[in-house]
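The lines below spell out each chain.
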Amino acid sequence: MLDHRSIRKYTDQTPTDETLKAIVRAGQQAPFASQYYSVLLSRNRKRNPFKAPLLFTICVDSHKFELIMARRGWKLVANDLTLLFFGIQDAAYMAENMVVAARSLGLGSCFLGNAMLRADKIATEYQLPKRVFPLVQLTMGYPAEDPPPRPRYPTEFALFEDKYPELNARMVSKAMKQMDDGYLAQDYYRKARYMIPLKGHRKETFTYDNYSWTEHICRKWGQWYPQPKEMLKQLEKRGFNLSAC
Ligand SMILES: Cc1cc2nc3c(=O)[nH]c(=O)nc-3n(C[C@H](O)[C@H](O)[C@H](O)COP(=O)(O)O)c2cc1C
C-alpha cells in the first residue's frame, strides 16, 4: 500500500472476467453502513478516459435500498444529507478496496473526481434510475507507466493523539515543505504541463521551478466552486433533495 501511485497509462492487455470479478468482490467485502452503492462498468476502451480497459463509476444508490424497504412494507424517512454522508462512505471504502485488490493482482488505477459534476450525463448514458448518484469514476488496467509514489504530509500532521494540537507555524511550514519539495523533486507539474490559471487581478509570479502542490491546491479551493448551486442541481436531477435539509 505504501507503493501506491495512480496509473494513467495502460497496456493493451485486457483483464480477464475472473480478475474483474475478484476485484469487484474484494470491493464488496469492504466495511459498510448499508451497502448504499452500485458500481457501473464500461469496457469501451476507445471511449474510456486514458483509454483504460476498465472504467468503473461508483454511485451512491438509494434506489436499490428503497426497493428492499418497499418489499418489507417500509418507506424511507431518513433525510438525504445524512443518507448521502453514509452512502459516500460506503461507496468510497468499496472503491478503495478495489484499488488495493487491483494492485495486488498487478493492475493500476486512477480515480476521476468530476463524475459528480456531470452526474446527469452519466445517468443518461447508463440509464440510471432516480436516486442513483454517480460519485466518482475509477479507470483500471495493466500499467504502462511506472511513476514514483507521490508525497504525503508528515504523519505528525495527519495523526493527532488524544488532543488536536495547536498547529504552529513550524508544523505547518514543515508539512508544506515536505509536499512542495516532494512534488518539485519529481518535476510533477512541469511534466504534467499544468498550472491552474489565476483569476481576476492576481498576477502570475510562479514558474514550474517553484509551482508545487500547496500553491496548486490553494488555487483550486481558492477559486473553484464558490457556489453549491451546480452540485445541488446535479443532486436534484437525480432525485436527492438537499434543500429540504
Ligand atoms: C476523489 C478523487 C478524485 C480524483 N480526480 C482525479 C482526476 O480527475 N484526474 C486525475 O488524473 N487524477 C485524479 N485523482 C487522483 C489524484 O490526483 C491522486 O490520487 C493524487 O494526486 C495522489 O497521487 P497518487 O494517487 O499517485 O498517490 C483523484 C483522486 C481522488 C481520491
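It should be noted that the structure appears before, not after, this text.
Residues numbered from 1 in each chain as written. Predicted model: local features only at pLDDT ≥ 70, side-chain atom pairs only at ≥ 80, totals over all residues. Heavy atoms only, no water.

## Observations concerning the nonpolar core
With 27 residues, the main nonpolar core has F56, M98 and M140 as its most contacted residues. Elements represented by at least two residues in this core include exactly helix 1 (17-28), strand 2 (54-61), helix 3 (80-104) and strand 4 (132-141). Sorting elements by how many residues they give to this core places helix 3 first, with eight residues. Among all residues touching F56, those that are not within four sequence positions of it are L20, V24, V39, L40, L41, M98, V136, Q137, L138 and M140. (Core = buried A, V, L, I, M, F, W, Y, C linked by side-chain atoms within 4.5 Å. Buried < 20%, exposed > 50% of the residue type's maximum accessible area, 1.4 Å probe, protein only. Helix = DSSP H or I, 4+ residues; strand = E, 2+ residues; numbered from the N terminus. Contact = heavy atoms within 4.5 Å.)

## Section: the side chain of Q234
Looking at the secondary structure, you find Q234 in helix 8 (residues 229-237). Note on Q234: relative accessible area 2%, which makes it buried. Within the structure, the side chain of Q234 is placed 3.2 Å from the backbone nitrogen of A119, a separation counted as a polar contact. A distance of 2.9 Å separates a polar side-chain atom of Q234 from the backbone nitrogen of D120. Ignoring sequence-local partners within four residues, the contact set of Q234 consists of M116, L117, R118, A119, D120 and F133. (Polar contact = N/O pair within 3.5 Å; in protein donor to acceptor, adjacent residues only side chain to side chain.)

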